[in-house]
Amino acid sequence: MESAATPLEDVQARIAHAAGIAGRKPQDVTLVAISKTHPAERILPLLEAGQRVFGENRVQEAQEKWPALKERYDDVELHLVGQLQSNKAEDAVELFDCIHSLDRPSLVKALAKAMDKAGKRVPIFVQVNIGAEEQKGGCAIADLPGLLQQARDADLPIAGLMCVPPFDIEPAPFFALLAKLAADNGLAPEEGGKLSMGMSGDFETAIMLGATHVRVGSALFGARE
Ligand SMILES: *Cc1c(COP(=O)(O)O)cnc(C)c1O
């Protein structure tokens, strides 16, 4: 009997298809499985199926779930995709392998200090408030060059740019704008820059516009409470 594709296989196939349309290699797109709100027993099947890159949006929740899972699967890569308070920077640097949400100068300082203390450099995405939304995280577009300079001066390893476009509007122009901002700031793909963009509803569009990291939650785990 032929078994139906799992959600993981389905998302992987969709990533490969979108990459193919754009003339890109599927392996140039990293699937970050966003496991926020889901308990370890929901995460284990994905680990068993070979998925190794996961994302959480709260430091404390990740501290409760991931140390035990990382012990069993020591090649897991854990990404922080949520807003980070400066007083949590040390905990974040200790647990996470990548941080997608640098958005202000005070956090540059806190992360630099935390990395010095831990003796560990964690790749950082600068989050851009791409739709200029008041309630959203991310630095203003106008502040991006200055923030990147501060991060480089503090010796933070800048991976690239990240965004969450406005809800319920066609996301493609926002993804294209993030890619342009990356190129304008020395973070073009040819220069090794990464783009963290695209979620369950729009990751194929993001891949066609250059995403190297797609953050997919509900398409893998089902709807959150
Ligand atoms: C929750 C979350 C995601 C995943 O969202 P889905 O729509 O469930 O795929 C991606 N990025 C960030 C920053 C998130 O907080």
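An account of the accompanying structure is given in this report.

**Some points on helix 1 (residues 7-21)**
Across its 15 residues, helix 1 extends 21 Å between first and last C-alpha, which sits within 8% of the 21 Å expected from 1.5 Å per residue. Considered for burial, the residues of helix 1 that qualify are Leu8, Val11, Ile15, Ala18 and Ala19. All buried residues of helix 1 fall inside an arc of 100 degrees around its axis, so they share one side. Opposite its buried face, helix 1 presents the exposed residues His17 and Ile21, each directed more than 90 degrees away. Looking at the buried side of helix 1, the elements it contacts are strand 1 (30-34), helix 2 (40-48), helix 8 (203-208), strand 8 (213-216) and helix 9 (218-221). A positive phi of about 70 degrees marks Gly23, the residue just after helix 1.

**A look at the site of the ligand**
Taken together, Ile34, Lys36, Val81, Met162, Met199, Ser200, Arg215, Val216, Gly217, Ser218 and Arg224 make up all the residues around the ligand. Within the side chain of Lys36, one N or O atom sits 2.7 Å away from an oxygen atom of the ligand. Within the backbone of Ser218, one N or O atom sits 2.8 Å away from an oxygen atom of the ligand. Out of a free accessible area of 390 Å², the ligand has 87% covered by protein chains. Residue composition of the shell around the ligand, by class: 5 nonpolar, 3 polar and 3 charged.

**Notes on unusual backbone geometry**
Residues other than glycine predominantly adopt negative phi, and peptide bonds predominantly adopt the trans conformation. We note that Thr37 has phi near 75 degrees; this positive angle belongs to a residue other than glycine. Summarising the element assignment, Thr37 is placed in the loop between strand 1 and helix 2. Since its relative accessible area comes to 49%, Thr37 is described here as partly exposed. Positive phi values are uncommon outside glycine, yet Ala132 reaches one of about 50 degrees. If you trace the backbone, Ala132 turns up in the loop between strand 5 (124-127) and helix 6 (144-153). Of the residues examined, Ala132 reaches a relative accessible area of 69% and is grouped as exposed.

**A short note on the pattern of salt bridges**
All told, the structure shown has 12 salt bridges when counted by the stated rule. For Asp116, the salt bridge goes to Arg121, with nearest N and O atoms at 2.9 Å. Residue classification places Arg121 among the partly exposed positions, given a relative accessible area of 34%. Here Glu133 ties to Lys136 by a salt bridge, and the two come within 2.8 Å at their closest N and O atoms. A relative accessible area of 24% means that Lys136 is categorised as partly exposed. A single network of salt bridges, built from pairs that share partners, joins Glu56, Arg58, Glu61 and Lys65.

**Details of a nonpolar patch on the surface**
Together, Ile21, Met208 and Leu209 give the surface a local cluster of nonpolar side chains, amounting to about 260 Å² of exposed area. One can find Ile21 in helix 1.

What counts as what
Residues numbered from 1 in each chain as written. Predicted model: local features only at pLDDT ≥ 70, side-chain atom pairs only at ≥ 80, totals over all residues. Heavy atoms only, no water. Helix = DSSP H or I, 4+ residues; strand = E, 2+ residues; numbered from the N terminus. Expected span 1.5 Å × (residues − 1). Buried < 20%, exposed > 50% of the residue type's maximum accessible area, 1.4 Å probe, protein only. Arc of directions from axis to C-beta. Contact = heavy atoms within 4.5 Å. Near = heavy atom within 4 Å. Polar contact = N/O pair within 3.5 Å; in protein donor to acceptor, adjacent residues only side chain to side chain. Areas by Shrake-Rupley, 256 points an atom, 1.4 Å probe, with all protein chains shown as cover. Nonpolar A, V, L, I, M, F, W, Y, C, P; charged D, E, K, R; others polar. Salt bridge = Lys/Arg side-chain N within 4 Å of Asp/Glu carboxyl O. Patch = residues over 30% accessible without salt bridge, like charges linked within 9 Å, V, L, I, M, F, W, Y side chains within 5 Å.

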